[in-house]
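Okay, here's what each chain looks like letter by letter:
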Amino acid sequence: MLILLLLVHLLSSKADASRGLPPVLKAPDDPDSCDDINNCRRLFDIVWGCLTTIFACTWASVHPNVPPPSPNPPDSFWPKLKWRIIVTTGSFWRRLKLMLIAVIAPELMVGFAARQFMVAQVFSKEFNISRTHGYFISMGGFVARTGGHPIVTEELVRKHISDIAKIREKTIENKSKGDALSKSVALLQGLWFVTQCLARVDQHLAVTELEVATLAFAVVNVFIWVLWWQKPLDVQDPIAIGSDEDVPEFQPPALSWKDRFFGLLGSHYDDYKPLLSSSVPSFWAISKVDDVGNKYTAIPVIAEFVVGSVFGAIHCAAWNASFPSSDEKWMWRSCAVLVTAIPQLPLILVGIFLTMDSDTLGEVVAFVLFLSIIPVYIVARLFLIALPFTALRALPPGAFVDVDWSIYIPHL
């Protein structure tokens, strides 16, 4: 990332030098000329602010489930160092996968967070435990000391509820890698970016395509942070409860591509058996499958589709923005419309399917139509990621004028 920012800084300086201007100034005859160096910003400042906000909205905001338990570390120095590297690398790749998904389809993370919020809320009310306990159950944080399997179904939770209730909420929070302060900093970064963009619009200053795309991430990130505020962050080891017998070693859950794919979209994991595994899948959220799966997944699914459309609609705000070429402008418009409309198509397909007879042909048609829109959506999202960076080569002059915050301060 530092290399990328350095290249952007050098290229912006060269581009300004080629026009015979200082890096932060514009032509004096430009109506939006930045003639005061204190009220200007550079291309590096624009890119840096966007990248830090995107990082906070993806890497810092995702809350992965508890991973499979790692073997005990060896005693000697070099084997122990190798063990630490393997464990750290595994944790990094797990979060990186979630980050990539959050970049391509952030509404999926909203749906995931909403499902876990609903399950945590249900467990909290039904068993008179804290919502943090409910999150920890849903993310596979409690495992049976006898058997080592995660306690995630209603039957298992009811069996071990007395032991779960004995675990203090503070004990669970101590396993989290983030507290209220660190989460607030990341959340405030997104809110500050939103405020900056609104201020630029209010002062009729140009907002770059990269800032519009980042604004969409920041808005979606607010939903994720609110839903996951009480969920422990980046927990590496579960809490074993029950008797003191030895815990046998298990392999990670072997899931088919179908289970992994539709689990990401919010479906059930049909092949996943908690009693035969030592952890939960990456997007496991529905612990009470029979009850919660039917009663409480409708709200997260609707929220996922609505947030997806909001994410695309924010990109549509740059409909008449300045683009380097007309082709890029129409590519942006087309992709923004697709990203806005496609999240609503599954709801339409569900409505059509409910009006049809429940036969095999209807299921096949709905399934094929649903799968056909997924690659279109992914391609549109990738274009909306690439186009803002290509547009940096020819930004309008007003993009380099900074916000005048003094006008918002009461004065005579």
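**Brief notes about the overall build of the chain**
Here is step 1: Broken down by element type, the chain carries 15 helices and 2 strands.
Here is step 2: Within the chain, counting contacts between residues at least 6 apart in sequence, those at least 24 apart form 78% of the total.
Here is step 3: Carbon and sulfur atoms provide 65% of the accessible area of the chain, an area that totals close to 21,300 Å².

**So, the packing of helix α2 (residues 43-58) against helix α8 (residues 180-202)**
Here is step 1: Interhelical geometry of α2 versus α8 gives an angle of 135 degrees and a closest axis separation of 9 Å. Between α2 and α8, the interaxial angle falls into the category oblique. The handedness of the crossing between α2 and α8 comes out as left-handed. Of α8, the residues touching α2 (which contributes G49, C50, T52, T53 and A56) are A186, Q189, G190 and F193.

**Some remarks on empty space enclosed by the protein**
Here is step 1: Summed over the entire model, instances satisfying the criterion amount to 4 cavities of 30 Å³ or more.
Here is step 2: If you trace the second largest cavity, you find it lined by P64, N65, P67, S91, R94, R95, D234, V235 and Q236.
Here is step 3: Among the residues making up the lining of the second largest cavity, the classes are represented as 3 nonpolar, 3 polar and 3 charged.

**Some details on the nonpolar core**
Here is step 1: Grouped together as the largest cluster of nonpolar side chains are 59 residues, with contacts concentrated most on M109, W228, W332 and L395.
Here is step 2: Elements supplying a minimum of two residues to this core: α2, α3 (77-104), α4 (106-127), α8, α9 (209-227), α12 (298-316), α13 (326-341) and α15 (360-390).
Here is step 3: Looking at which element gives the most residues to this core, the answer is α9, with 9 residues.
Here is step 4: Apart from residues no more than four positions distant in its own chain, L395 is found in contact with L43, I46, T208, E209 and F400.
Here is step 5: Ranked by size, the runner-up nonpolar core spans 20 residues in total, among them F127, I137, I161 and I239.

**Topic: α4**
Every α-helical turn comprises 3.6 residues, leaving residues that sit three or four positions apart pointing alike.
Here is step 1: Between the first and last C-alpha of α4 there are 32 Å, a value that for 22 residues agrees with the 32 Å anticipated at 1.5 Å per step.
Here is step 2: A large share of α4 lies buried, amounting to 18 of its 22 residues.
Here is step 3: Where α4 ends, the next residue or the one after it, N128, has phi of about 55 degrees, a positive value.

**With respect to the packing of aromatic side chains**
Here is step 1: One pass over the full model with this rule turns up 9 aromatic pairs.
Here is step 2: Between the aromatic rings of W192 and W405, the centroid separation amounts to 5.2 Å while the plane-to-plane angle is 25 degrees, which identifies the pairing as stacked. Highlighted residues: W192 in helix α8 and W405 in the segment after α15, separated in sequence by 213 residues.
Here is step 3: Take W192: its relative accessible area is 41%, and that puts it in the partly exposed class.
Here is step 4: Taking the centre distance of 5.8 Å and the plane angle of 50 degrees together, the rings of F323 and W332 count as tilted. Taken individually, F323 and W332 each receive the classification buried, so the pair is uniform in this respect.
Here is step 5: In this structure an aromatic cluster arises from ring pairing among F112, W228 and F283.
Here is step 6: Above the plane of the ring of W330 lies R333, whose end atom (NZ or CZ) is 4.7 Å from the centre.

**Quick look at the pattern of salt bridges**
Here is step 1: Applying the stated rule across the entire model yields 7 salt bridges.
Here is step 2: Between E126 and R158 there is a salt bridge whose closest N-O contact spans 2.8 Å. Taken together, the residues span a long stretch of sequence, with E126 in helix α4 and R158 in helix α6 (residues 154-166) at a distance of 32 residues.
Here is step 3: The partner of E328 in a salt bridge is R393, and the shortest N-O contact between them spans 2.7 Å. With a gap of 65 residues between them, E328 in helix α13 and R393 in the segment after α15 connect regions that are remote in the sequence.
Here is step 4: By relative accessible area, which is 57% here, R393 ends up exposed.
Here is step 5: Through salt bridges with shared partners, one network takes in E126, E154 and R158.

**Quick notes on the side chain of H315**
Here is step 1: For H315, the location among the structural elements is in helix α12.
Here is step 2: Take H315: its relative accessible area is 1%, and that puts it in the buried class.
Here is step 3: Looking at H315, its side chain comes within polar contact range of the main-chain oxygen of F311, at 2.8 Å.
Here is step 4: Here H315 is in contact with V212, A213, A216, W332, A336, R381 and L384, once residues within four sequence places are set aside.

**Here's the deal with the UniProt feature "transmembrane region" (unreviewed entry) in the chain**
Here is step 1: Sites flagged by UniProt as "transmembrane region" (unreviewed entry) map to residues 98-118, 210-228, 298-318, 330-354 and 366-387.
Here is step 2: End C-alpha to end C-alpha, residues 98-118 measures 20 Å, and it is 95% helix and 0% strand.
Here is step 3: Segment residues 210-228 splits into 95% helix and 0% strand. End C-alpha atoms: 27 Å apart.

**Structural notes on the side chain of D234**
Here is step 1: For D234, the location among the structural elements is in the loop between α9 and β2 (239-241).
Here is step 2: Take D234: its relative accessible area is 11%, and that puts it in the buried class.
Here is step 3: At 2.9 Å, the side chain of D234 and the side chain of Q236 are in polar contact.
Here is step 4: Beyond its immediate chain neighbours, meaning those up to four positions away, D234 contacts P64, S91, R95 and K177.

Conventions we followed
- Residues numbered from 1 in each chain as written.
- Predicted model: local features only at pLDDT ≥ 70, side-chain atom pairs only at ≥ 80, totals over all residues.
- Heavy atoms only, no water.
- Helix = DSSP H or I, 4+ residues; strand = E, 2+ residues; numbered from the N terminus.
- Contact = heavy atoms within 4.5 Å.
- Areas by Shrake-Rupley, 256 points an atom, 1.4 Å probe, with all protein chains shown as cover.
- Axes fitted to C-alpha atoms, helices over the stretch in contact; angles between N-to-C directions.
- Parallel < 35°, antiparallel > 145°, perpendicular 65-115°, else oblique.
- Left-handed = near helix turned anticlockwise from the far one by under 90°.
- 1 Å grid on protein atoms, 1.4 Å probe; cavity = no way out; pocket = protein on both sides within 12 Å on 5 of 7 lines; lining within 4 Å.
- Points joined across faces, edges and corners; volume = space filled by probe spheres on them.
- Nonpolar A, V, L, I, M, F, W, Y, C, P; charged D, E, K, R; others polar.
- Core = buried A, V, L, I, M, F, W, Y, C linked by side-chain atoms within 4.5 Å.
- Buried < 20%, exposed > 50% of the residue type's maximum accessible area, 1.4 Å probe, protein only.
- Expected span 1.5 Å × (residues − 1).
- Phe/Tyr/Trp six-rings, centres within 6.5 Å; stacked < 30°, edge-to-face > 60°.
- Lys NZ or Arg CZ within 6 Å of the ring centre and 35° of its normal.
- Salt bridge = Lys/Arg side-chain N within 4 Å of Asp/Glu carboxyl O.
- Polar contact = N/O pair within 3.5 Å; in protein donor to acceptor, adjacent residues only side chain to side chain.
- UniProt positions renumbered as here; feature names shortened; annotations may be inferred.

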